[in-house]
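# Inside the fold
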Amino acid sequence: MKEIQERNVDAYIYLMKLDAKKWILLHDGGHRHGIMITNISEALNSVLKKARVLPLKALVELIFNKLVKYFHQHREEAENCVHPFPTRIFDKFLRIELKSREYKVTTYNPQEGIYMVRSPIQVSGTGNNVYTLRLNNKFCNCGKWQTYTLPCSHVLAVCRENGSRTYNYVLEIYSRQTYRRTYQANFHPVLSENFWRDVPFNLTFYPPNMKNERDRK
């Protein structure tokens, strides 16, 4: 925050008026899992960037067909997944595990789950950092475990030291079972208009009551 204040005072004042939970991962309560986007508008824009010029009916059909394809793709991937977690999470987990092999672990109180983890000294002279880990409370002072809700490399180093099963510290939302349940919904083909049922009312559409802005279509 000090750096923001030094660069732009107005930006600092504006941010200070906002709820910290809405823009700082440190204060999100562990609900965002590291995601910085506050809505899905950017995701929709990237998917529909070339389709926004289509007529309404064609746009709806395109969105529906993309959803069908998207769910089918992920459903197949989930069914064929042989790892405890989806491929993307499992690959990240392996990278973290590889990094954890470099650390030195000191046990302070195994009953209360208190450990100290020291990173190796690098050629550049950096490293040799000390981290406090409270395994029972799912806390590491590096902050990554609380922010991303996925065990950090320090947790994996401790688990290897004390023989704990690392998968026990991964939330169920990252599991293969949850991945499968997410995409188990089915879509059904939309029949042609000849098979639509009649409705007891008429649909009348009027152009939107709006004024075009200057220099903007």
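Our structure is the block above this text.
Scope of this entry: the structure provided in the associated data block. (Residues numbered from 1 in each chain as written. Predicted model: local features only at pLDDT ≥ 70, side-chain atom pairs only at ≥ 80, totals over all residues. Heavy atoms only, no water.)

### Observations regarding the environment of aspartate 198
Formally: A helix here means a DSSP run of H or I that spans at least four residues, while a strand means a run of E at least two residues long, and both kinds are numbered starting from the N terminus. Buried residues are those whose accessible area, probed at 1.4 Å on protein chains only, stays under 20% of the maximum for their type, while exposed residues exceed 50% and partly exposed ones sit between those limits.
Among the structural elements, aspartate 198 can be located in the segment after helix H8 (176-182). Among the residues examined, aspartate 198 registers a relative accessible area of 77% and is labelled exposed.

### Description of helix H4 (residues 56-79)
Cut-off, in case you're wondering: Expected span of a helix, by definition, is 1.5 Å for each gap between consecutive residues, and there is one gap fewer than residues. Contact between two residues is taken to exist if any of their heavy atoms lie within 4.5 Å; hydrogens are not considered.
Along its 24 residues, H4 runs 35 Å from first to last C-alpha, staying within 8% of the 34 Å computed at 1.5 Å per residue. Of all the positions in H4, only Leu59, Phe71, His74 and Ala78 are classed as buried. Against H8 lie the buried residues of H4.

### What to know about helix H5 (residues 87-100)
Quick reminder of the rule: Throughout, the arc means the angular range of directions from the helix axis out to the C-beta atoms.
End to end, H5 covers 20 Å across 14 residues, agreeing with the expected 20 Å (1.5 Å per residue, within 8%). Residues of H5 that are buried include every one of Ile89, Phe90, Phe93, Ile96 and Ser100, and no others. Projected down its long axis, H5 carries its buried residues within an arc of 120°, all on one side. Residues of H5 that are exposed and point over 90 degrees away from its buried face: Arg88, Arg95 and Leu98.

Limitation: the analysis is restricted to geometry and does not speak to function.
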